[in-house]
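Close look at the chain arrangement
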Amino acid sequence: MKFTLNVWRQNGPQDKGRMETYQVDQVSDDMSFLEMIDVLNEQLIHQNIDPVVFDHDCREGICGMCSMFINGEAHGPGRGVTTCQLHMREFSDGDTITIEPFRAKAFPIIKDLMVDRSAFDRIIQAGGFVSVNTSGNLPDANATRIEKSHADAAFDAATCIGCGACVATCKNASAMLFTSAKVSQFALLPQGQVEASERVLHMVNQMDLEGFGNCTNTGACEVECPKGISIENIARMNREYLSVSLTTK
Amino acid sequence: MSTSRGLFGTSLARKYWMALTGLFLCSFLVVHLLGNLPLLTGNQEAFNAYAHFMTTFPLIKAVSYLLYASILLHSIDGLVLARQNMAARPAGYVKYNGAANANWSSRNMALLGTITLLFLIIHLKSFWFEMHFGFVPNWTDAEGNLYKDLYTITVAAFQQTWYALFYVVAMLGLGLHLWHGFASAFQTMGWSHPRYTPMIKALGYGFAIMVPLLFASIPLYILLT
């Protein structure tokens, strides 16, 4: 397969950046999108051009590292997949593909397609944990009974890999889906409920401080989320935050 | 818990106010529509009596201040949120396929809200301002009660083709705003439930079609008869 690639090139955070056009051929339809970029970079190195910088790690859809905004969508046109799970057979031979970094004020570009998503880490540091002592005489895990539907909903929320597709997709660059998933995975379980009030306040405050936009409930985030995180989590966080705001001193 | 900023200032707080004022304005639409339906039957007496009641009854007067405050808060809060949202992505995408994952009205609430606000300003100037501060001729009903004849002013306004058509277009904008806004307000307040959310969505779509359609039928009816 052959493709024309319009790729965002930006030398560093201060550089203005521009689109560059490259041709790639000898692409197999079984290649993942990242492998296609590997082919492009191989070609660029031979031409003495700086290879395209992009984030990647596990290449099996679980680490949340690969990003890329492909043809106007986070992780490209596939549903429920990350960029490493997007295969070139999803495209037609001869297609022109536009590749950009995830864009948000809170996700500054490091170089080319690589962005700094540590704003997410700071949201987690603000309250996305359970502060219990993990040494000593812990009760048996199965001794705490949890309703199946709650356990399932908490697990679904916890499948968020923190890739940032929700922010990249949202027309407002809002981090509500990520933050609400992290709030929900704890709020639904007894271990997390002890600190639930502080958690939701701290995490929402940090989310605001990072400069993410506000939620307009378009639902685009849940469509593009590679893990299918539901916006029901956003409703849950809104509910929690409202009741905590009304009841704290 | 010193980090609580209460119900002001945070992104979520601004959204709660948007949702609450939005739902209050929806309830106003219903009352306003019911009061204006006599225009469809040409009932001058019922309409003028309604207009008189709405401008003089003390409870309605009190609620009307809440209404003005809601319109202002919804507009200003919406503007602040829209500006923050634009600032959250200073460099836009070269290619952005918004239609792939969200419907048009949900992506254009600020635009649709602005159209609705512009309509509202013109609408208030035409009727509310004239009723309160302008000149409206007097009218006496069968029992000799003196009213302002808002009915004649309204019918005269809608007999102008451009003015009637402007209302129809504005109601289309309002309908699209409500198409997303109604159910969105419930989601923002966290009033979400697997059993009730589909009903709220269906109610919202019905509301977004019926209310603007009935409103638009008034100028069209007057224009065509």
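Residues numbered from 1 in each chain as written. Chains lettered and ligands numbered in written order. Predicted model: local features only at pLDDT ≥ 70, side-chain atom pairs only at ≥ 80, totals over all residues.

Moving on, we get to the overall build of chain B. For chain B, the helix and strand inventory stands at 9 helices and 2 strands. Ordering the α and β elements of chain B from the N terminus gives α-α-α-α-α-α-β-β-α-α-α. Out of the 225 residues in chain B, the part that is buried amounts to 28%. By sequence separation, contacts in chain B at least 24 residues apart represent 74% of the contacts at least 6 residues apart. (Helix = DSSP H or I, 4+ residues; strand = E, 2+ residues; numbered from the N terminus. Buried ≥ 20, exposed ≤ 12 C-beta atoms within 10 Å, placed from the backbone. Contact = placed C-beta atoms within 7 Å.)

It is worth spelling out the overall build of chain A at this point. Looking only at helices and strands, one finds 9 helices and 7 strands in chain A. Projecting the C-alpha coordinates of chain A onto the three principal axes gives extents of approximately 60 × 35 × 35 Å.

This brings us to the interface of chain A and chain B. Listed per partner, the contact involves 43 residues of chain A and 38 residues of chain B. For the side of chain A that touches chain B, the secondary-structure elements that each account for two or more residues are strand S5 (96–100), helix H7 (196–209), helix H8 (220–224) and helix H9 (232–247) of chain A. Per-element accounting of the side of chain A that touches chain B gives the leading share, 8 residues, to H9(A). When grouped by side-chain class, the residues that make up the side of chain A that touches chain B number 13 nonpolar, 18 polar and 12 charged. (Nonpolar A, V, L, I, M, F, W, Y, C, P; charged D, E, K, R; others polar.)

Attention shifts here to the nonpolar core. Core analysis: the biggest nonpolar cluster contains 99 residues, and A:Ala104, A:Cys166, A:Val167 and A:Leu177 have the highest contact counts within it. Here this core takes 11 residues from helix H8 (residues 161–189) of chain B, the largest share from any one element. A domain split of this core shows at least three residues from each of domain 1 (3–111) and domain 2 (117–131 + 144–247) of chain A. (Core = buried A, V, L, I, M, F, W, Y, C linked by C-beta atoms within 7 Å. Domains from an automatic or database assignment.)

This part covers helix H3 (residues 44–56) of chain B. The terminal C-alpha atoms of H3(B) lie 18 Å apart, and with 13 residues this matches the ideal 18 Å at 1.5 Å per residue to within 8%. Considering only its buried residues, H3(B) is in contact with helix H1 (11–36), helix H2 (38–41), helix H6 (109–132), strand S1 (138–140), strand S2 (146–148) and helix H7 (150–158) of chain B. (Expected span 1.5 Å × (residues − 1).)

The subject of this paragraph is the domain arrangement of chain A. Residues and elements named next belong to chain A. When the domains of chain A are assigned, the result is domain 1 (3–111) and domain 2 (117–131 + 144–247). If you average the C-alpha positions of domain 1 and of domain 2, the two centres end up 28 Å apart. On the domain 2 side, the residues contacting the 18 residues of domain 1 number 17 residues. Partitioning the side of domain 1 that touches domain 2 into residue classes produces 9 nonpolar, 6 polar and 3 charged.

Once that is clear, we can look at the pairing of S5(A). Residues and elements named next belong to chain A. Strand direction decides the pairing type here: strand S1 (residues 3–9) and S5, joined by 4 bridges, are parallel. Of the residues in S5, the one forming a bridge with Leu-5 is Ile-97. The sheet contact formed by strand S3 (residues 69–70) and S5 spans 2 bridges and is antiparallel. Each bridged residue has a counterpart across the sheet, and for Ile-70 the counterpart in S5 is Ile-99. (Pairing = 2+ DSSP bridges.)

Right, let's talk about the sheet that holds S5(A) for a bit. Strand order across the open sheet formed by 5 strands is S2-S1-S5-S3-S4 (chain A), with mixed pairing between neighbours. This sheet does not close on itself; its edge strands, each paired only once, are strand S2 (18–24) and strand S4 (73–74) of chain A.

Mapped onto the fold, B:Tyr93 is located in the loop between helix H4 (58–87) and helix H5 (104–107). In the structure, B:Tyr93 is positioned 125 residues away from B:Ile218 in sequence and 43 Å away in space, judged by C-alpha atoms. When neighbours within four sequence positions are excluded, B:Tyr93 is seen to be in contact with A:Phe69, A:Gly72, A:Glu100 and A:Arg103.

Residues and elements named next belong to chain A. Running from N to C, helix H5 (residues 176–187) and H7 cross one another at 170°; their axes reach a closest spacing of 10 Å. Classified by the interaxial angle, the pair formed by H5 and H7 is roughly antiparallel. Packed against H5, whose contacting residues are Thr-179, Lys-182, Val-183, Phe-186 and Ala-187, the element H7 presents Ala-196, Arg-199, Val-200, Met-203, Val-204 and Met-207 at the interface. (Axes fitted to C-alpha atoms, helices over the stretch in contact; angles between N-to-C directions. Parallel < 35°, antiparallel > 145°, perpendicular 65-115°, else oblique.)

Our focus in this paragraph is the environment of A:Ala141. Residue and element names in this part refer to chain A. With respect to the secondary-structure elements, Ala-141 resides in the loop between helix H2 (118–125) and helix H3 (148–158). Looking at Ala-141, the number of C-beta atoms within 10 Å reads 8, which means it is exposed. Spatially, the C-alpha atom of Ala-141 lies 22 Å from that of Gly-127, the residues being 14 residues apart in sequence.

Residues and elements named next belong to chain A. One non-glycine residue, Asn-48, lies in the positive phi region at around 60°. By the element assignment, Asn-48 lies in the loop between helix H1 (33–46) and S3. Even without being a glycine, Asn-217 presents a positive backbone phi close to 60°.

As a further point, take the environment of B:Ala13. Residue and element names in this part refer to chain B. By secondary structure assignment, the location of Ala-13 is in helix H1. Sequence separation between Ala-13 and Met-189 is 176 residues; the distance between their C-alpha atoms is 9.8 Å. Look past the residues within four positions of Ala-13 in its chain and what remains in contact with it is Leu-7 and Phe-8.

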